[in-house]
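Geometric and topological summary
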Amino acid sequence: MRRISILGSTGSIGVSTLRLLDETGRLGEDYVIEALIGGRNVELLVEQALKYRPAITVLGDAAQWSRFRELIGNAGLAIACGEEAVCAAAGRKADWVMAAIVGIAGLKPTWAAAGTGAVLALANKESLVCCGRALIERVEAHGGRVLPVDSEHNAIYQVLDPSQRDRVSRLILTASGGPFLGRTREDLKSVTVEQALKHPNWSMGAKITIDSATLANKGLEFIEAAYLFDVPADKISVLVHPQSVIHSMVEYKDGSSLAQLGSPDMRVPISYCLAWPNRIDWQAPRLDLAARGTLTFAEPDLDAFPMLRLARQALEAGQGMPTVFNAANEVCVQAFLDRKIAFLQIAEFVESAMMRAQLPSIPSKDHVNRDTNDGMMISALDIDRDIRRLMGELFAESRLRA
Ligand code: NAD
Ligand code: MG
């Protein structure tokens, strides 16, 4: 019996994970739910709690405590509210944890889960971008393992032969190109929130959908790949592949490139993580290549989509710059969704933030006690807070100029 916790159970990845567990038909036999954690959607979280009866159910939003209690009624379920309770639940002993809270809000809970020795199915790429190898080292120091949920990294994980690491010439991340593939900078001046929220292949949460439209998502994934697989920026490239069938590739020095293919359905990489090191048998969507007919490829357009270039610069700069990129992007995505800035301004403000950021010195590796030291996580949260303040200043300056 494996105890499973899902951080972000009410989101797109969380719901896909629960659906997959249902489809295995092994809930209650092979799997039992330890913790379900949601942010604000109290109705869905309660519905999940009543169905799956986890040992603990936590709602992040403390303001909805009384509504949460009222809806749970006397179902005999343990519930809690607020950020501390989220981290405590995330840090409970479990065998497998899905880290799928979106954005920097996922950092502390993911960090807590990383200290439990569980297999960490990592969807919350933002925490890896901000903590880098320190997150992976924390997981491994506690006897756990990080398995990437992101479809691209999951693909690479499946085809990267650890015994031949020095024979790898390149990691090739594929990118759908998002809803604005083929558009020029000029075309992108006036795109709307509704247009940006229409992803051609994947159905996902709002933040990652906007990130896919700007290619910030591929930028975050670029950084994610560098940390996960411990490879430098010049050994990672991005290939636009609009059909999202090839999820990524590893190119070896002997001339072979290995790819993983699948339907664009997140339950496929999630099922790989769930069953690792085995594979499970479920009614997975089959890939019908003949029906698809054509797969196409192109170079990314860095002029129309500068976020990819900025992410690479952030990775190369190191020393907290990926956290700056992430924080500035998160603030800008929210401002775009709130219709306070235009689509192209996302990259403009992120670039300004990267130029203006004052970075504290990051704790050096020697000072980090791998078992207990939270230095990297705390320093990421500090940078995140400073950048949020800086973004306020940058927005105000730009309003003054306008
Ligand atoms: P989503 O917005 O659909 O869901 C986010 C989840 O996080 C929700 O359950 C929400 O309630 C929870 N949450 C938000 N703030 C919280 C807080 N303060 N405390 C507790 N819970 C909180 O997002 P998503 O699309 O499921 O993405 C989740 C993560 O997975 C992101 O980091 C994203 O980049 C990554 N990811 C998603 C996909 C996808 O297909 N959706 C693919 C690859 C990677
Ligand atoms: Mg991805």
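Residues numbered from 1 in each chain as written. Chains lettered and ligands numbered in written order. Predicted model: local features only at pLDDT ≥ 70, side-chain atom pairs only at ≥ 80, totals over all residues. Heavy atoms only, no water.

**Overview of the packing of helix α11 (residues 206-214) against helix α12 (residues 216-229)**
Viewed as axis vectors pointing N to C, α11 and α12 meet at an angle of 95°, and their least axial separation amounts to 5 Å. When the interaxial angle is binned, α11 and α12 end up roughly perpendicular. From α11, Lys-207, Ile-208, Asp-211, Ser-212 and Thr-214 reach across to α12, where they touch Ala-216, Asn-217 and Leu-220. A per-class count over the contact of α11 with α12 returns 3 nonpolar, 3 polar and 2 charged. (Axes fitted to C-alpha atoms, helices over the stretch in contact; angles between N-to-C directions. Helix = DSSP H or I, 4+ residues; strand = E, 2+ residues; numbered from the N terminus. Parallel < 35°, antiparallel > 145°, perpendicular 65-115°, else oblique. Contact = heavy atoms within 4.5 Å. Nonpolar A, V, L, I, M, F, W, Y, C, P; charged D, E, K, R; others polar.)

**Observations concerning the side chain of Ser-16**
Relative to the elements of secondary structure, Ser-16 occurs in helix α1 (residues 12-24). Side-chain polar atoms of Ser-16 contact the backbone oxygen of Ser-12, separated by 3.0 Å. Once you skip the residues sitting within four places of it in the chain, Ser-16 turns out to touch Arg-267 and Ile-270. (Polar contact = N/O pair within 3.5 Å; in protein donor to acceptor, adjacent residues only side chain to side chain.)

**Quick look at the packing of helix α4 (residues 83-90) against helix α5 (residues 107-114)**
With their axes 7 Å apart at the nearest point, α4 and α5 run at an angle of 25° to one another. Considering the angle they form, α4 stands roughly parallel to α5. Once α4 is placed against α5, the crossing between them reads as right-handed. Contact with α4, carried on its side by Glu-83, Val-86, Cys-87 and Ala-90, involves Lys-108, Pro-109, Ala-112 and Ala-113 of α5 and no other residues of that element. The class makeup of the residues in the contact of α4 with α5 is 6 nonpolar, no polar and 2 charged. (Left-handed = near helix turned anticlockwise from the far one by under 90°.)

**Here's the deal with unusual backbone geometry**
Backbone torsion omega between Trp-276 and Pro-277 reads 5°, so that peptide bond is classified as cis. Its location among the elements puts Pro-277 in the loop between α13 (267-275) and α14 (289-292). Positive phi outside glycine occurs at Asp-230, with the angle close to 55°. As for its position among the elements, Asp-230 is in the loop between α12 and β9 (236-240). Not every positive phi belongs to a glycine, and Ser-244 is a case in point at roughly 50°. Following the sequence through the fold, Ser-244 ends up in the loop between β9 and β10 (246-252).

**Quick notes on the site of ligand 1**
Surveying the vicinity of ligand 1 reveals 22 residues, the closest of which are Thr-10, Ser-12, Gly-39, Glu-126 and Gly-205. A distance of 3.5 Å separates an oxygen atom of ligand 1 from a polar atom in the backbone of Val-102. Take Ala-123: an N or O atom from its main chain is 3.4 Å from an oxygen atom of ligand 1. Bound to the protein, ligand 1 loses 84% of the 820 Å² it would expose on its own. Listed by contribution, the elements that provide at least two residues to the shell around ligand 1 are α1 and α6 (125-131). Its residues assigned to classes, the shell around ligand 1 shows 9 nonpolar, 9 polar and 4 charged. (Near = heavy atom within 4 Å. Areas by Shrake-Rupley, 256 points an atom, 1.4 Å probe, with all protein chains shown as cover.)

**Details of the environment of Gly-117**
Here Gly-117 shows up in the loop between α5 and β6 (119-122). Take Gly-117: its relative accessible area is 25%, and that puts it in the partly exposed class. Sequence separation between Gly-117 and Lys-93 is 24 residues, and the spatial gap between their C-alpha atoms is 7.9 Å. (Buried < 20%, exposed > 50% of the residue type's maximum accessible area, 1.4 Å probe, protein only.)

**A short note on the pairing of strand β2 (residues 31-38)**
Among the 8 residues that make up β2, 7 are buried, leaving the element largely enclosed by the rest of the structure. When strand β1 (residues 2-7) meets β2, the two strands line up parallel, connected through 6 bridges. For Ile-6, the partnering residue across the bridge sits in β2 and is Leu-36. Remark: the β1/α1/β2 crossover connection has right-handed handedness. For the crossover from β2 across helix α2 (residues 42-52) to strand β3 (residues 56-59), the handedness is right-handed. (Pairing = 2+ DSSP bridges. Right-handed = clockwise from strand over helix to strand, strands pointing away.)

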